[in-house]
Amino acid sequence: FQVSSIKNIYLTQERVQKDKSVVQIMLLEFSMYHLTKKVALVYRAPDCNHDNTKRMFAIIEEFSPHIALGDFNIDLKVKKNIDMISSNLYMHNIVRSITRFSNKENTAGTCIDHVYVKYRDKSKFKYTMEDTDASDHRLIHFTFDTMMPKVKLSIPRIPVPHRRYYPNRSEEHTSELQSRTN
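Residues numbered from 1 in each chain as written. Predicted model: local features only at pLDDT ≥ 70, side-chain atom pairs only at ≥ 80, totals over all residues. Heavy atoms only, no water.

### Considering helix H1 (residues 50-63)
Helical periodicity: at 3.6 residues per turn, an α-helix aligns residues three or four positions apart in one direction. Convention followed: Only DSSP runs of H or I reaching four residues or more are called helices, and only runs of E reaching two or more are called strands; each is numbered from the N terminus. Working rule for helices: expected span equals 1.5 Å times residues minus one. Accessibility here uses a 1.4 Å probe with only protein chains present; expressed as a share of the type maximum, an area under 20% marks a residue as buried, one over 50% as exposed, and anything in between as partly exposed. The arc in question is formed by the directions pointing from the helix axis toward the C-beta atoms. Whether two residues are in contact is decided by their heavy atoms: any pair within 4.5 Å suffices. Residues adjacent in sequence count toward polar contacts only when both atoms are side-chain atoms; beyond that, a polar contact is any pair of N or O atoms within 3.5 Å, and within protein one must be able to donate a hydrogen and the other to accept it.
Taking 1.5 Å per residue as the helical rise, H1 with its 14 residues ought to reach 20 Å, and the 20 Å between its terminal C-alpha atoms agrees with that figure. Asn 52, Thr 53, Met 56, Phe 57, Ile 59, Ile 60 and Phe 63 are the residues of H1 that are buried. Taken end-on, H1 shows its buried residues confined to a sector of 155°, consistent with a single buried face. Away from its buried face by more than 90 degrees, H1 exposes His 50, Asp 51 and Glu 62. Where H1 is buried, its residues meet strand S1 (2-12), strand S2 (21-32), strand S3 (35-44), strand S4 (67-71) and helix H2 (79-88). Of the residues flanking the start of H1, the one acting as N-cap is Asn 49, its side-chain oxygen 3.3 Å from the backbone nitrogen of Asp 51.

Structure follows, in structure tokens:
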């Protein structure tokens, strides 16, 4: 595949931290043969305010990606968060299990890492998760199988005026070639 364009967007607000960005979005467009896909990679800080959250969703919707994924820091185990996302983002989240554990027994946690896909996308999506020592989040292995649209090619047969075509002479030609080689 070939990357067509990349655009980084940062939303900022007053914070105690030195880094004022609360939302970081990378908009990526790539092509595979004659098919183009758009992906939005998202990080939203836990202390992001409501206005920046709405702006984040508006930017994603305007870009209209096939896939939007990342650390949204919005827990999908809370009903009001699901309602807020579904009213702002017209995509389907395929991750439903805990992505960040809150205890050492790994029995309780939050679903704050999301993978959204377009409702009408005909690709096949799947993911697996594994624990890692590098982060308090679980690692999500996300794959998608894109159904490439069939391209119908028709090559017109243009007869050459000075050449004669003999469709039934292939056997004669083959036997003539064999007799020359013997």
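### Quick look at unusual backbone geometry
Even without glycine at this site, Ser 64 takes up a positive phi of about 55°. Note that Ser 64 resides in the loop between H1 and S4. Since its relative accessible area comes to 33%, Ser 64 is described here as partly exposed. A positive phi is found at Asn 73, a non-glycine position, where the angle reads about 55°. Within the secondary structure, Asn 73 sits in the loop between S4 and H2.

### Re the packing of aromatic side chains
The following threshold applies: Only the six-membered ring of Trp is used, alongside the rings of Phe and Tyr, when aromatic pairs are assigned; centres must lie within 6.5 Å, and planes under 30 degrees apart are stacked while those over 60 apart are edge-to-face, with the rest tilted. Our definition puts a charge over a ring when NZ of Lys or CZ of Arg is within 6 Å of the ring centre and also within 35 degrees of the ring normal.
Going through the model one piece at a time under the given rule, you end up with one aromatic pair. Between Lys 38 and the ring centre of Phe 63, over which it is positioned, the NZ or CZ distance is 5.1 Å.

### Side note on the pairing of S3
Here is the rule: Only strands joined by at least two bridges in the DSSP assignment are considered to pair.
As paired strands, S2 and S3 are joined by ten bridges and run antiparallel to one another. When the bridges of S3 are listed, Ser 31 appears paired with Thr 36. Counting the residues that bridge the hairpin from S2 to S3 gives two residues, and of these Tyr 33 lies at a positive phi of roughly 55°. Where S3 and S4 come together, five bridges link them in parallel fashion. When the sheet's bridge partners are listed, Ala 40 is paired in S4 with Ala 68.

### Notes on the side chain of Asn 93
With respect to the helices and strands, Asn 93 occurs in strand S5 (residues 92-93). At a separation of 3.1 Å, a polar atom in the side chain of Asn 93 contacts the main-chain amide nitrogen of Val 115. Setting aside residues up to four positions removed in sequence, Asn 93 forms contacts with Leu 76, His 114, Val 115 and Tyr 116.

### Things to note about the pattern of salt bridges
To keep things clear, this is the line we draw: For salt bridges, the criterion is a side-chain nitrogen of Lys or Arg within 4 Å of an Asp or Glu carboxyl oxygen.
The tally for this structure, following the rule as stated, stands at three salt bridges. We note a salt bridge from Lys 79 to Asp 83, for which the minimum N-O separation is 2.9 Å. Note that Lys 79 and Asp 83 are positioned in helix H2 at a spacing of four residues, about one turn of the helix. Relative accessible area serves as the criterion here: at 37%, Asp 83 is assigned to the partly exposed category. Between Arg 100 and Asp 136 there is a salt bridge, with its nearest N and O atoms 2.7 Å apart. Residue Arg 100 is found in strand S6 (residues 100-101), and its partner Asp 136 is found in the loop between strand S9 (124-130) and strand S10 (139-145); the two are separated by 36 residues along the sequence. For Arg 100, a relative accessible area of 30% gives the class partly exposed.

### Quick look at the layout of surface pockets
For clarity, the cut-off: Think of a 1 Å grid over just the protein atoms. A cavity is a set of points where a 1.4 Å probe fits yet cannot get out, a pocket is an open set with protein on both sides within 12 Å along at least five of seven lines, and lining residues have an atom within 4 Å of a point. Grid points are joined across faces, edges and corners, and a volume is the space filled by probe spheres set on the points.
A volume near 150 Å³ is recorded for the largest pocket. Taken together, Leu 76, Ile 82, Ile 85, Ser 86, Leu 89, Met 91, His 92, Asn 93, Arg 96, Tyr 116 and Tyr 119 make up the lining of the largest pocket. Among the elements of the structure, H2 and S5 are those that each provide at least two residues to the lining of the largest pocket. Counting residues per element, the lining of the largest pocket draws most heavily on H2, at three residues.

Purely geometric stuff here, so don't read any function into it on its own.
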